[in-house]
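# Fold and contact review
Residues per chain are reported as follows:
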Protein chains: 2
Amino acid sequence: MKRGLSNSASDGVSFTPLVVLELVEDTKEEAVTWLLEKIRDKQENGGAELLVGRLRKDSWGDDGGNPNVFVVGASRDRLLSGAEDVGLVKESNDGSMRGFTFVNRNNFKDFKGDSDEFLSVAECQYIIKHELDTLRAKEENSVPGYAKVKLYPGKSILRRLLSKGILVQVFPLHDKEELKKLSHSWYGKLRLKYQPLDEIRRYFGESLALYFGFLEYFTFALVPMALIGVPYYLFAWEDYDKYVLLALFNLVWSTVVLEVWKRCCASLAYRWGTLCRKKAFEEPRPGFHGVLGYNPVTGRQEPTFSSLRRQLRVYLVSVPFVLLCLCGSLYVMMIYFSMEEWALRLHEEEQSVWSSAGLFVPSIIYAIVIEVLNRLYRYAAEFLTEWENHRLESSYQNHLILKVLVFNFLNCFASLFYIAFVLHDMKLLRQSLATLLITSQILNQMVEAFLPFWLQKRRNTKVQKQVRRAPVELPWTEQVKLEVDMSTYLGTFDDYLELFLQFGYVSLFSCVFPLAAVLAVLNNFTEMYSDALKMCQVFKRPFSEPAANMGVWQLAFETMSVIAVITNCALIGMSPQVKSCFPDSETQLILIVVAAEPHTGEVEEVQEDSSYPPSFEPARHFTHHRQRSSFLEHVLLAFKFILAFVIPDIPKEIQLKLARLEFESMEALKKKKMQDTKKLEKQDN
Amino acid sequence: MKRGLSNSASDGVSFTPLVVLELVEDTKEEAVTWLLEKIRDKQENGGAELLVGRLRKDSWGDDGGNPNVFVVGASRDRLLSGAEDVGLVKESNDGSMRGFTFVNRNNFKDFKGDSDEFLSVAECQYIIKHELDTLRAKEENSVPGYAKVKLYPGKSILRRLLSKGILVQVFPLHDKEELKKLSHSWYGKLRLKYQPLDEIRRYFGESLALYFGFLEYFTFALVPMALIGVPYYLFAWEDYDKYVLLALFNLVWSTVVLEVWKRCCASLAYRWGTLCRKKAFEEPRPGFHGVLGYNPVTGRQEPTFSSLRRQLRVYLVSVPFVLLCLCGSLYVMMIYFSMEEWALRLHEEEQSVWSSAGLFVPSIIYAIVIEVLNRLYRYAAEFLTEWENHRLESSYQNHLILKVLVFNFLNCFASLFYIAFVLHDMKLLRQSLATLLITSQILNQMVEAFLPFWLQKRRNTKVQKQVRRAPVELPWTEQVKLEVDMSTYLGTFDDYLELFLQFGYVSLFSCVFPLAAVLAVLNNFTEMYSDALKMCQVFKRPFSEPAANMGVWQLAFETMSVIAVITNCALIGMSPQVKSCFPDSETQLILIVVAAEPHTGEVEEVQEDSSYPPSFEPARHFTHHRQRSSFLEHVLLAFKFILAFVIPDIPKEIQLKLARLEFESMEALKKKKMQDTKKLEKQDN
């Protein structure tokens, strides 16, 4: 907008291009005309009232290229009225956040009538996307020129075109100038500072800004954990009390961190206007299919699919399939361990260079197999979730995330659980944990950022060469051509998954390998930079997605922290370093006071059986400890839940503001009612 | 309303009396006049626009009685406009539930213009109470005649009068005719049938109807539990597998029952219009005091109290006090057990009649002490919660319920826990459980229903004698006089508490005493009758309270069911009947397959230590079992949470209806916006 890139497209219309539409190369011209007509038509006639222009064919250079690339823009007033349609929430002049309305536009802060500062480019693009998505068929039965691509009244045209492969992609354009500013303040200077979350949000939208906010928050939250871990690692503190202290700290830490994040998140979401934003009615996702019927809520015509059938698919096919995959993954793990054992035996027998090299073979094979399985499973999960035929994009996402999460969790941590609770080999556990954590971190950074960056660089130079040969050099047409071929950012899923697994490495076995937090902190500092680089340089700009929280990931992290309490308590309970169990330290004293009953009971029970020789003593202690750690676990979990319950999810200040908004709307309603009644009375008289 | 009791009060006004206001006998006449003026004044002038009349003094008979008893009523239109103020939700002509508005009153089902069927008497009384409560001071600084009873603009007059003791009570009148019908269909015929929940709701309001709904639901839900418990009791099945099966059943049962109740509750609340009812802004409770300031939400003048100070009071005084009380209760329990032991020893030494009678002394003393402690604690809890100075009635209630709940839980179950996990005496546990359950049930029924019933009967005859001597016999003035002296129903707290403790008896140690469910079922059938009797005959009619669910009690029951899983698993784990631990049955086989890892680990760990003689075997089994039961616990708890997560809280059908309502209001908003924009465009042209 501000960059003043207003430029004439091939058909002479002059506007700022915001969003790119790419149709397949051989799209029939009548369909193109029809679509453009629809996009340009007035809203009263069911159009989107947007501006659209075709990219000039000659600007592609000699080798042609797709002639069906269009850029879409909109007039300022259209964008403002669209802002009301999508339910944008903006700061009003009295400092509170209110749903934007075109009528009251002058009551909003930063609205100066003629300036474009009010709506960010990302918001404009989001509005255009929303308007394009809600472009609905009226009386057409099919797309002109494509008799097979059926339409019915109310069907979203773009979604149908997309699902039928006529529309290749819709994406927003980067804003070179703003991007430059953003990347400068984001990762331009290599020094420690907070991320410019508000600017990220302005450019990429709330969902991504929240991810970066969480990444930063989580990294800082790991610092105390890392600091506490260092002495444990350096001095190899391995006695019971110190373990319990560490577990206790870990528990309080993870609970408080997740609760405080909720509050931070609410503050951010309030500032960004997504917290009190009313959710619009969710349309069926593009891939949803079924018999044409009437939606019971809207009364509109749309595909219907019995929810019983979906549930049958979920519980009778998907759940068993996932369980089978989990068992398969466990089986592979068992094979790995027996291969490991076999390699070790071979090495012990032969003691040759070959056999010692062979020691690494099982690990390498296992790592490759895991990677392959993860990918195969991901495809299977996507296929299955697609087949489950969810009506809403959100429930599709939730089902997919859950499937992938469970499998990834098992793949990453099953071997660690096996080593910890079956092999009881703490040394091996520590070693495996370190290896897994470090390799996964390095691999991730490579695959995620540097590889695509390098690929993109190569592609860019290729396209630039092409463009240079073109006769007319329009800066934004060049930009469109560059961006059409950039890879698409698939959402925050993989980024969150990575953090989730890292959280697992840090918290699940924190007693055994307290150094994990240090590694995680180091990794996250570079991760912030590489993720920023990736977003700014490698991918197409993603559409801004309004989000008020992490959604299902909050639940995932909280579940992980519960599992962490259980595993840590189990580790403490079976720790072989536990030598004495009578109150010889303060921590234990406290614990035994609390846990007096089961402790006494245990002693009595054992002592009743007088046939045990004195050598039984150690086992008795062992039993004590197990029982105490089980009791400890219950106390810790109860404490955790109480803590989570006591910390309010939304900061007081914001609660007040929200309550104030609600109160005002109630008062307004009351006033209106009074007026209505008066009017009625007048009519009666 | 329908009973046509319209009658002229002393000052000649003719209307149906609905609510009674009782001021203290020596209220200054100027205050009375002022109050009546306020109640009668038009709404525009800040009045309540209600009808009010004083009870004639001569109707009290010779011995006088309070001259300051007033009855309040309202015109039909005033009630309808009040129904909108309180946000009543009614079924509209198209079958959906909508917030009632006076303007659209003809769109509602059952609204026939001239009939009173539309609003139930309970609703009318609720509306009048709401209008009285929101009667606010304007420019008065104090109540006329009482310079010390300060007022400020916006202060609720009735609340101030109540908190200063000038207003004795406000209560709704019974409706003899409807009550007769209700009691006939409720408990008139002694045969098994569903309770008339809709009629109860119509007469007593949603909160009470939900309690009776839950009581009935819970009783029926206990039946399968009771049926399964009988063979366990009869055949004394005490082996591991059957215990596990029972525990598993118990777990699934309690989870499903509580989840399904949520759904039933939602259905009922939808039908009664409380599910989609918008909560009005909550006013500060009468007892709330503080420096006069401005409410940050409403901007109105009201007392303010720093939430930090309140939290300090809660965490630094209340929480330690409650913990101290809990410890005190535990200490009393320990004294009881040592007295018990001492009495037993004495009896063994002396073997006299006196000593055998002395065996009962500790139990009797303990029971009395517990009862006294419970009462003392209740007062202390009320005092403390009052002192914490909560702004809202709801948060006051929650804090009070939590305090009382924790203490009652410990008092009731601590001795059972002690017997189970310290004394390991399953026989004693069963015996104590049975004794406690039966005595508490009998005592409750006595204290709760029959005693007040008898007292009320005595009082009634006394008043009737008085009335008969009166010169003029007005049926409803007589009724008012009868009801002024009836005891006040203090809400569903004690009733829910009783059910909660019963749920504890049934589920916590269900493995040990499966017969508890049978006793509970038998008790609840009589409980339904006695509670109904109590509500209809003993107490003043309570104001109807809108409620969409059980509130904090749902959480309490769910917490109890989690604790039940833990205790049952612990009981199984330490059960001395567990003799074999290798896979000799199908249940175990499954469990061991699941629990393979820790099981194997345990064996290895023990076997590594080769110094143990063979006699160690039993202890090893014992350890196995403990560990397996701990693993079982985790699996069961995980299963429980997944189950609770998978069952949707609101039935699909109602979800759809709610979504439809929301969608419609969104569409209406959109339409309004379009109109506004068009208007604006016209103005611009």
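As annotated in an unreviewed UniProt entry, chain A carries the name Anoctamin and is attributed to Lepisosteus oculatus. A UniProt comment under Subcellular location (unreviewed entry) is attached to chain A, and it reads "Membrane".

Moving on, we come to the overall build of chain A. Along the backbone of chain A there are 21 helices and twelve strands. The proportion of buried residues among the 685 residues of chain A is 51%. Here the analysis covers contacts within chain A between residues at least 6 apart in sequence; of these, 73% occur between residues at least 24 apart. Looking at chain A as shown, the accessible area adds up to about 32,500 Å², and 62% of this sits on carbon and sulfur atoms.

On to the UniProt feature "transmembrane region" (unreviewed entry) in chain A. Residues and elements named next belong to chain A. UniProt marks residues 208–237, 243–261, 314–337, 357–377, 400–421, 433–455, 499–522 and 552–573 with the feature "transmembrane region" (unreviewed entry), using the numbering shown here. Within the segment residues 357–377, helix and strand shares are 90% and 0% respectively, and the terminal C-alpha atoms sit 31 Å apart. With 100% helix and 0% strand, residues 400–421 has its two end C-alpha atoms placed 30 Å apart.

Turning our attention to the packing of helix α7 (residues 206–234) of chain B against helix α16 (residues 516–538) of chain B. Residue and element names in this part refer to chain B. Where α7 meets α16, the axes come as close as 7 Å, and the angle between the chain directions of the two elements is 160 degrees. One element, α7, and the other, α16, form an angle in the roughly antiparallel class. Regarding α7 and α16, the two cross each other, and that crossing is left-handed. From α7, Leu208, Tyr211, Phe212, Leu215, Glu216, Phe218, Thr219, Leu222, Val223, Met225, Ala226 and Val230 reach across to α16, where they touch Ala517, Val518, Ala520, Val521, Asn524, Phe525, Glu527, Met528, Asp531, Ala532 and Met535. Classifying every residue of the contact of α7 with α16 gives 18 nonpolar, two polar and three charged.

A few words on the pairing of strand β9 (residues 146–150) of chain B. Residue and element names in this part refer to chain B. Bridge count between strand β8 (residues 142–143) and β9: two bridges; the pairing is antiparallel. For serine 142, the partnering residue across the bridge sits in β9 and is lysine 150. Here β8 folds back onto β9 in antiparallel fashion, the turn holding two residues, of which glycine 145 has a positive phi close to 90 degrees.

Before going further, it helps to spend a moment on the sheet that holds strand β3 (residues 19–23) of chain A. Residues and elements named next belong to chain A. Read across the open sheet, the four strands follow the order β4-β5-β3-β10; overall the sheet is antiparallel. A strand with exactly one partner marks an edge of an open sheet, and here the two such strands are β4 (51–54) and β10 (167–172). For this sheet, the mean angle separating the axes of adjacent strands, direction not counted, is 20 degrees. Sheet analysis places β3 next to β10, joined by five bridges and oriented antiparallel. For valine 20, the partnering residue across the bridge sits in β10 and is phenylalanine 171. Where helix α1 (residues 29–40) meets the sheet, it contacts β3, β4 and β5 (69–73), and its direction lies at approximately 155 degrees from that of β4.

Among the nonpolar cores identified, the biggest contains 108 residues, and Trp186(B), Phe413(B), Phe500(B), Phe509(B) and Trp553(B) are the most heavily contacted of them. With 18 residues, helix α12 (residues 393–423) of chain B is the single largest residue contributor to this core. Two domains each put at least three residues into this core: domain 2 (177–277 + 427–462 + 484–596 + 623–652) and domain 3 (306–390) of chain B. Residues in contact with Phe509(B), not counting those within four places in the same chain, are Leu416(B), Phe417(B), Ala420(B), Phe421(B), Leu429(B), Leu433(B), Gly504(B), Asn568(B) and Leu571(B). With 107 residues, the next largest nonpolar core counts Leu222(A), Tyr396(A), Val422(A) and Leu571(A) among its residues.

Residues and elements named next belong to chain B. If you walk across this open sheet you meet the four strands as β4-β5-β3-β10, and the pairing is antiparallel. For this open sheet the edge positions go to β4 (51–54) and β10 (167–172), each flanked by a neighbour on one side alone. Neighbour-to-neighbour, the strand axes of this sheet turn through a mean angle of 20 degrees, independent of strand direction. Sheet strands in contact with helix α1 (residues 29–40) are β3 (19–23), β4 and β5 (69–73), and its direction is about 155 degrees off that of β4. The sheet contacts of helix α3 (residues 121–133) involve β3, β5 and β10, and relative to β3 the element is tilted by about 40 degrees.

Right, let's get into the side chain of Asn374(B). Tracing the backbone shows Asn374(B) in helix α11 (residues 361–388). Aside from chain neighbours lying at most four places away, what touches Asn374(B) is Phe407(B), Asn408(B) and Asn411(B).

Turning our attention to the environment of Asn107(A). Residues and elements named next belong to chain A. Relative to the assigned elements, asparagine 107 resides in the loop between β7 (97–99) and α3 (121–133). Look at asparagine 107 and you get partly exposed, because its relative accessible area is 44%. Sequence-distant contacts of asparagine 107, that is, excluding residues within four places in its chain, are made with Ser92 and Asn93.

Residue and element names in this part refer to chain B. Looking at where arginine 310 falls in the secondary structure, it is placed in helix α9 (residues 307–350). Buried within the structure, arginine 310 lacks any salt-bridge partner; its nearest side chain of opposite charge belongs to glutamate 388, at an N-O separation of 7.2 Å. Sequence-distant contacts of arginine 310, defined by excluding residues within four places in its chain, comprise Phe288, Phe305, Glu388, Asn389, His390 and Arg391.

Summed over all chains, the structure comprises 65 aromatic pairs over all chains. Taking 5.0 Å as the distance between ring centres and 65 degrees as the angle between the ring planes, the aromatic pair formed by Phe413(A) and Tyr505(A) counts as edge-to-face. Taken together, the residues Phe413(A) in helix α12 (residues 393–423) and Tyr505(A) in helix α15 (residues 493–508) connect sequence positions 92 residues apart. By the burial criterion, Phe413(A) is buried, and Tyr505(A) matches it. Taking 5.4 Å as the distance between ring centres and 65 degrees as the angle between the ring planes, the aromatic pair formed by Phe417(A) and Phe509(A) counts as edge-to-face. Note that Phe417(A) is positioned in helix α12 and Phe509(A) in the loop between α15 and α16 (516–538), a separation of 92 residues in sequence. Residue class for Phe417(A) comes out buried when judged on its relative accessible area of 18%. Here the guanidinium or amino end of Lys28(A) rests over the ring plane of Tyr146(A), the centre of that ring lying 4.9 Å away. A cation over a ring is seen here: Lys540(B) above Phe171(B), with NZ or CZ 5.3 Å from the ring centre.

Let us look at the packing of helix α11 (residues 361–388) of chain A against α12(A). Residue and element names in this part refer to chain A. Two numbers describe how α11 lies on α12: the axes approach to 9 Å, and their chain directions differ by 160 degrees. In terms of axis orientation, α11 runs roughly antiparallel to α12. Pair α11 / α12 crosses with right-handed handedness. Listed contacts from α12 to Tyr366, Ile370, Leu373, Asn374, Tyr377, Arg378, Ala381, Glu382, Leu384, Thr385, Glu386 and Glu388 of α11 are Tyr396, His399, Leu400, Lys403, Val404, Phe407, Asn408, Asn411 and Ser415. Each residue belonging to the contact of α11 with α12 can be placed in one class, and the counts come to ten nonpolar, six polar and five charged.

Let us look at the pairing of β3(A). Residue and element names in this part refer to chain A. The element β3 is largely enclosed, with a buried count of five among its five residues. Neither face of β3 is open: one carries Val19, Leu21 and Leu23, the other Val20 and Glu22, and all of them are buried. Sheet topology places β3 next to β5; four bridges connect them, and they run antiparallel. Bridging across to β5, valine 19 finds its partner in valine 72.

Turning our attention to unusual backbone geometry. Residues and elements named next belong to chain A. Of note in the backbone geometry, glutamate 49 takes a positive phi value of approximately 60 degrees without being a glycine. With respect to the helices, strands and loops of the structure, glutamate 49 is situated in the loop between α1 and β4. A positive phi is found at asparagine 389, a non-glycine position, where the angle reads about 60 degrees. Assignment of secondary structure puts asparagine 389 in the loop between α11 and α12. The buried category is assigned to asparagine 389, whose relative accessible area is 0%.

Before going further, it helps to spend a moment on α3(B). Each turn of an α-helix holds 3.6 residues, which means side chains three or four residues apart point in the same direction. Residues and elements named next belong to chain B. Between its first and last C-alpha, α3 extends 18 Å over 13 residues, near the 18 Å set by a 1.5 Å rise per residue. With ten of its 13 residues buried, α3 lies for the most part within the structure. Those residues of α3 that fall on the buried side of the exposure criterion are Val121, Ala122, Glu123, Cys124, Gln125, Tyr126, Ile127, Ile128, Glu131 and Leu132.

On to the confidence of the model for chain A, then. Any residue range with low pLDDT should be treated as having predicted coordinates unsuitable for detailed reading. Residues and elements named next belong to chain A. Chain-level pLDDT for chain A is 79 on average; 83% of the residues reach the 70-or-more range. Every residue in residues 1–13 is under pLDDT 50, and counting partners more than four places away or in other chains gives 39 contacts. Interface confidence in the predicted complex, given as ipTM, is 0.78; pTM for the same model is 0.83.

Let's shift gears to the pattern of salt bridges. Between side chains of opposite charge, pairing is possible as soon as their charged atoms come close. Residues and elements named next belong to chain A. Inspection of every chain in the model, using the stated rule, returns 44 salt bridges over all chains. When the shortest N-O distance is used, the salt bridge between lysine 262 and glutamate 558 registers 3.4 Å. A residue pair is termed long-range when its members are at least 10 positions apart, and lysine 262 in helix α8 (residues 240–271) and glutamate 558 in helix α17 (residues 552–574) qualify at 296 residues. Among the salt bridges present, the one from arginine 660 reaches glutamate 664, with a minimum N-O distance of 3.4 Å. Separated by four residues within a single helix, arginine 660 and glutamate 664 lie in helix α21 (residues 652–684), roughly one turn from each other. With relative accessibility at 33%, the residue arginine 660 sits in the partly exposed group.

What counts, and where the lines are drawn
Per-chain numbering applies: the sequence of each chain, read as written, is numbered from 1 onward. Each chain takes a letter, starting from A, and each ligand takes a number, starting from 1, following the order in which they are written. Reporting of local features is limited, given that this is a predicted model, to residues whose pLDDT is at least 70; pairs of side-chain atoms are given and counted only at 80 or more, and all residues count toward the totals for whole chains, interfaces and linings. Note that the side-chain values use all heavy atoms of the structure and ignore hydrogens as well as water. UniProt positions are given in the numbering used here, feature names are shortened, and annotations may be inferred rather than shown by experiment. Put simply, DSSP H or I for four residues or longer makes a helix, DSSP E for two residues or longer makes a strand, and each gets a number counted from the N terminus. Only protein chains enter the accessibility calculation, which uses a 1.4 Å probe; a residue is then buried when its area is under 20% of its type maximum, exposed when over 50%, and partly exposed in between. Contact between two residues is taken to exist if any of their heavy atoms lie within 4.5 Å; hydrogens are not considered. Each accessible area is a Shrake-Rupley result for a 1.4 Å probe, and residues are judged covered by the shown protein chains and nothing else. Axis lines are fitted to C-alpha atoms, over the contacting stretch for helices. Their N-to-C directions set the angle, which ranges from 0 to 180 degrees. Each angle gets one of four labels, with under 35 degrees taken as roughly parallel, over 145 as roughly antiparallel, 65 to 115 as roughly perpendicular, and the rest as oblique. Note on convention: near helix rotated counterclockwise from far helix by under a right angle means a left-handed crossing. Clockwise means right-handed. Any residue outside Ala, Val, Leu, Ile, Met, Phe, Trp, Tyr, Cys, Pro, Asp, Glu, Lys and Arg is labelled polar, Gly included; the first ten of those are nonpolar and the last four are charged. Pairing between two strands is assigned when DSSP locates at least 2 bridges connecting them. Put simply, buried Ala, Val, Leu, Ile, Met, Phe, Trp, Tyr and Cys residues joined by side-chain atoms within 4.5 Å make one nonpolar core. For the purposes of this description, domain bounds are those given by an automatic or database domain assignment. Neither His nor the chain ends is counted toward charge; the positive residues are Lys and Arg and the negative residues Asp and Glu. Here, a salt bridge means any Lys or Arg side-chain nitrogen found within 4 Å of an Asp or Glu carboxyl oxygen. Working definition: rings of Phe, Tyr and Trp (its six-membered ring) pair if their centres are within 6.5 Å, and the pair is stacked with planes under 30 degrees apart, edge-to-face with planes over 60 apart, and tilted otherwise. Definition used: whenever NZ (Lys) or CZ (Arg) falls within 6 Å of the ring centre and also within 35 degrees of the ring normal, the charge is taken to sit over that ring. Expected span of a helix: the number of residues minus one, times 1.5 Å. Scored between 0 and 100, pLDDT is the confidence that the predictor attaches to each residue.

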